[in-house]
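Architecture and fold: a report
Residues per chain, in single letters:
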Amino acid sequence: MSSDSKHTISTSGNAFAIPKPAFWTPEIASYFIAGGVAGATSRTVVSPLERLKIIQQVQPQSSDRQYKGVWRSLVRMWREEGFKGYMRGNGINCLRIVPYSAVQFTTYEQLKKWFTAYGNKELDTPKRLASGALAGITSVCTTYPLDLVRSRLSIATASIPIQLQDGSQSASASKPHLSTSKADISMRGMTLKVMREEGGIRGLYRGLVPTAMGVAPYVGINFAAYEALRGAITPPGQSSIARKLLCGALAGSISQTLTYPFDVLRRKMQVTGMASGGLGYKYTGAIDALQTIIRTEGIQGLYRGLWPNLLKVAPSIATSFFTYEMVKEFLVAP
């Protein structure tokens, strides 16, 4: 430890060094920058699948006009909206994911040090899970409004059928209908629309509770699984790029499958407040949403969109962890 990061206290003739409290050190900066770059890179790579997942999560259950099948839906998205359709919502997603991922990785690294008393205790699985869970809650609370607006933008131009109160589908299901004007289909426009129609700042935090409930175990399992797999798959001398990517892909798939129902619940809560021309359902809270989904769609309703999500999670998490480690090593290299 360098002389500017510690000071000495003398007691009864004995001197010992304790670390100075430092909020922003080169090490913390490397975590923050690497985390931000990792998040933006990973989300851009899988942007089309990310948008398709959101559409499939929130579309009403029907036999026609649904986005069914991964390949068929991606072709339809391209035919109806072109490349812009693939990237719809990705700008605000990157704007959200940069601070989200930066805060998450930085918080995780710092919590690991705190839980192990800066290396004096063993870093076991419970400590990894706790560090990841708390890091996930911190990051999601910091950037949640951007996540909600991103979700709205992702489905604003999709031709999703409207579900009526009697369970039938609207006849006008062939046109996008969730945004009233072109001005709303932007980060600023959608943010102002939500605030104007759904109770101001409070509207930007709709669905925060189920989101935090899902993110805590997801991030905890994700980090714990990655570090456990890294120890098994990338032993000393065998840390190739392919092995590192495999660790991230497996960790992401495991954590996302176990916590996916929370993600569906989050999306449903985020779009339930859309005004006229919305998706036709409105929940009073997370419990009501959960009960309604199970009653009307069954348990499978909590796993809608899982397949395209798994297709994106593997490369996304793999890219995220790999980019994070690569950028961090570059920044701290002598």
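Residues numbered from 1 in each chain as written. Predicted model: local features only at pLDDT ≥ 70, side-chain atom pairs only at ≥ 80, totals over all residues. Heavy atoms only, no water.

The name an unreviewed UniProt entry gives the protein chain is Mitochondrial carrier domain-containing protein, with Hygrophoropsis aurantiaca as the organism.

**Overview of the overall build of the protein chain**
Summing up its helical and strand segments, the protein chain has 10 helices and 2 strands in all. The linear arrangement of helices and strands in the protein chain, starting from the amino end, is β-β-α-α-α-α-α-α-α-α-α-α. Residues classed as buried in the protein chain amount to 51% of the 334 residues present. Partitioning the intrachain contacts of the protein chain with sequence separation of at least 6 by distance along the chain shows that 72% fall at a separation of at least 24. Carbon and sulfur atoms provide 63% of the accessible area of the protein chain, an area that totals close to 16,000 Å². (Helix = DSSP H or I, 4+ residues; strand = E, 2+ residues; numbered from the N terminus. Buried < 20%, exposed > 50% of the residue type's maximum accessible area, 1.4 Å probe, protein only. Contact = heavy atoms within 4.5 Å. Areas by Shrake-Rupley, 256 points an atom, 1.4 Å probe, with all protein chains shown as cover.)

**Thoughts on the packing of helix α2 (residues 47-58) against helix α8 (residues 241-271)**
Helix-helix packing: each pair is described by the crossing angle between the helix axes and the interaxial distance. Where α2 meets α8, the axes come as close as 9 Å, and the angle between the chain directions of the two elements is 75 degrees. One element, α2, and the other, α8, form an angle in the roughly perpendicular class. From α2, Glu50, Lys53, Ile54, Gln57 and Val58 reach across to α8, where they touch Tyr260, Asp263, Val264, Arg267, Lys268 and Val271. (Axes fitted to C-alpha atoms, helices over the stretch in contact; angles between N-to-C directions. Parallel < 35°, antiparallel > 145°, perpendicular 65-115°, else oblique.)

**Looking at the confidence of the model for the protein chain**
With 80% of its residues at a pLDDT of 70 or more, the protein chain has an overall mean of 80. The secondary-structure element of the protein chain with the lowest mean pLDDT is strand β1 (residues 6-11), recorded at 42, while helix α1 (residues 26-45) shows the highest, at 92. Here residues 171-179 is modelled with pLDDT under 50, and outside its nearest four sequence neighbours on either side it reaches 30 contacts, counting other chains as well. (pLDDT = per-residue confidence, 0-100.)

**Concerning the packing of aromatic side chains**
Evaluated as defined, the whole model comprises 10 aromatic pairs. Centre to centre, the rings of Phe105 and Tyr324 are 3.9 Å apart; their planes meet at 15 degrees, and the pair counts as stacked. Taken together, the positions of Phe105 in helix α4 (residues 90-115) and Tyr324 in helix α10 (residues 306-332) put the pair 219 residues apart, joining distant regions of the chain. Between Trp114 and Phe115 the ring centres are 5.1 Å apart and the planes differ by 65 degrees, which places this aromatic pair in the edge-to-face class. In textbook terms, an aromatic cluster arises when at least three aromatic residues are bridged by ring pairs, as seen for Phe105, Tyr108, Phe223, Tyr226, Phe321 and Tyr324. (Phe/Tyr/Trp six-rings, centres within 6.5 Å; stacked < 30°, edge-to-face > 60°.)

**Side note on α10**
Since the α-helix packs 3.6 residues into each turn, any two residues three or four apart lie on the same face. Here α10 is 27 residues long and its end C-alpha atoms lie 38 Å apart, about the 39 Å a rise of 1.5 Å per residue gives. Roughly 30 degrees is the biggest bend found in α10, and it falls at Val313, with proline Pro315 one to four residues downstream. (Expected span 1.5 Å × (residues − 1). Bend = angle between axes of the 7 residues up to and from the residue.)

**A look at α4**
In a regular helix each residue adds 1.5 Å, so 26 residues correspond to 38 Å; α4 covers 35 Å between its end C-alpha atoms and thus fits that length. In the structure, α4 departs most strongly from a straight axis at Ile97, where the bend amounts to approximately 25 degrees and where the proline Pro99 lies between one and four residues downstream. Looking at the residues trailing α4, positive phi occurs at Ala117, about 55 degrees.

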